[in-house]
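Residues per chain are reported as follows:
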Amino acid sequence: MNKTYKIALGNLSKLYGRINETQQIYLPVRRGGTLNFEKWHESAVVDLHGLKTTNTPKDLFLPQSEDLYTAKMDGTNIEIITKDFFDNAFVIFGVKACDIEAIAVMDNIYLSKHPVDMYYEARRKNAVLVSLACNAPKNACFCAAFNIDAANPKGDVATWILGEYLYTQAQNGKGKAFVEDIMGLFEPAEADDLLGLKAEIAEKAQSLPYSKLPLESFTGENMMKIFDHENWDFLHRACIGCGTCTYTCPTCSCYDIKDFDKCSGTTRFRCWDSCMYPEFTLMAHGNNRLTQKERFRQRFMHKLMYHPMNYDGQFGCVGCGRCINKCPVSLNIVKIIKSLGVEVAENANA
């Protein structure tokens, strides 16, 4: 079993400063009424007790906008100036279990198949993920439905807040190297100290209203049954195609590539895109999904069917609940699962 250590909560600023001496540290910072991962500084209002950030840690691996290269022309000569790859070590501290799993989803999308995304890969290699257990999951959370353990978050290093202490355990080689570097600030602890807390968190997570969803029907053999289901006709009607669900989702990975003509040359960059937009993948020949129903269906088919079919059963949703909290018309993946999952299962058993 990995060794357990603890540090008094009152000494966390000292811990952040120690980490920041050698690598940039990002923490949940409360500013302007929102909680987001930001670079730490001594006056930052760090809040490890907040449930989850508004934006997701995905932003640090796949920025909303990112330059790829610049092309300069001198007569008939073209000079391509590539962007330097990210090579600075950094730490993301306080990542909840759902967001850790979301990064694993992104790793599959960007790193598991050739060619890998070199920009994403460079950031992932240089990152240390320090997870934090959820002491108080709320009603919009449903990570338990996807078998994500809020009490035992993954990552390179896992942490828990119990009483006046932050407990920590390294989870892999990268995590052990990280903990060893800051060992002087910690004191030994017993893993058994956390048993009561873990049991309490697990009980809370399992008691939430969306913790048990009918996901059994979302298998490859039911793909066309779900795709052709008549419920899509009314499920999509309230959707206004704003894209809020995709921009707050920790696993949405679509982006567009554009060119921007500057006086000094033309810069090619990529920026987040949304499958909920009519212009998504629009080309000269048109678009394969012309209606809001088709776009709406595509998003949820991808999360619940296409992604798990391509990645050994791994769903493209981690139950973070951000879409529940942020959708302006109260549409979310839970409603889709309940509507289609139950009906397909009932029809199969009829």
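Procedures and definitions
- Residues numbered from 1 in each chain as written.
- Predicted model: local features only at pLDDT ≥ 70, side-chain atom pairs only at ≥ 80, totals over all residues.
- Heavy atoms only, no water.
- Helix = DSSP H or I, 4+ residues; strand = E, 2+ residues; numbered from the N terminus.
- Rg over C-alpha atoms; globule rule 2.2 N^0.38 Å.
- Buried < 20%, exposed > 50% of the residue type's maximum accessible area, 1.4 Å probe, protein only.
- Contact = heavy atoms within 4.5 Å.
- Areas by Shrake-Rupley, 256 points an atom, 1.4 Å probe, with all protein chains shown as cover.
- Phe/Tyr/Trp six-rings, centres within 6.5 Å; stacked < 30°, edge-to-face > 60°.
- Lys NZ or Arg CZ within 6 Å of the ring centre and 35° of its normal.
- Domains from an automatic or database assignment.
- Salt bridge = Lys/Arg side-chain N within 4 Å of Asp/Glu carboxyl O.
- Polar contact = N/O pair within 3.5 Å; in protein donor to acceptor, adjacent residues only side chain to side chain.
- Pairing = 2+ DSSP bridges.

### Examining the overall build of the protein
Across its full length, the protein carries 11 helices and 12 strands. At 22 Å, the protein has a C-alpha radius of gyration in line with the 20 Å of a compact globule built from 350 residues. Evaluated residue by residue, the protein yields a buried proportion of 51% over its 350 residues. Of all intrachain contacts in the protein linking residues separated by at least 6 positions in sequence, the fraction that spans at least 24 positions is 70%. When the accessible surface of the protein is split by element, carbon and sulfur atoms take 51% of a total near 17,500 Å².

### Details of the packing of aromatic side chains
For the coordinates displayed, the defined rule picks out 15 aromatic pairs. Between Phe85 and Tyr119, the aromatic rings sit 5.1 Å apart at their centres with planes inclined by 45°, giving tilted as the arrangement. Of this pair, Phe85 sits in the loop between β5 (77-82) and β6 (90-95) while Tyr119 sits in helix α3 (residues 118-125), placing them 34 residues apart in sequence. Owing to a relative accessible area of 17%, Tyr119 belongs among the buried residues under this scheme. Here the guanidinium or amino end of Lys6 rests over the ring plane of Tyr165, the centre of that ring lying 4.3 Å away.

### Comments concerning the domain arrangement of the protein
Entries for the protein in the domain assignment read domain 1 (4-68 + 87-207) and domain 2 (220-349). Measuring from the centre of the C-alpha atoms in domain 1 to the corresponding centre in domain 2 gives 27 Å. Tallying the contact residues gives 35 residues for domain 1 and 32 residues for domain 2. Linking domain 1 with domain 2 are three salt bridges, by the criterion used here. A salt bridge links Asp99 to Arg322, with the shortest nitrogen-to-oxygen separation between them at 2.9 Å. Taken together, the links from domain 1 to domain 2 amount to 15 residue pairs in polar contact (both at pLDDT 80 or more). Listed by contribution, the elements that provide at least two residues to the side of domain 1 that touches domain 2 are β4 (65-74), α2 (97-111) and α3.

### So, the pattern of salt bridges
Summed over the entire model, instances satisfying the criterion amount to 16 salt bridges. Residues participating in the shared-partner salt-bridge network are Glu66, Lys83, Asp117, Arg123 and Arg270.

### A closer look at the pairing of strand β9 (residues 165-170)
Across the six residues that make up β9, a large majority, five, are buried. Judged from the six bridges that link them, strand β8 (residues 157-162) and β9 form a sheet pairing that is antiparallel. Residue Trp160 lies in a different strand from β9, and its bridge partner there is Tyr167. Hairpin remark: β8 followed by β9, antiparallel, with two residues in the connecting loop; positive phi at Gly163, about 65°.

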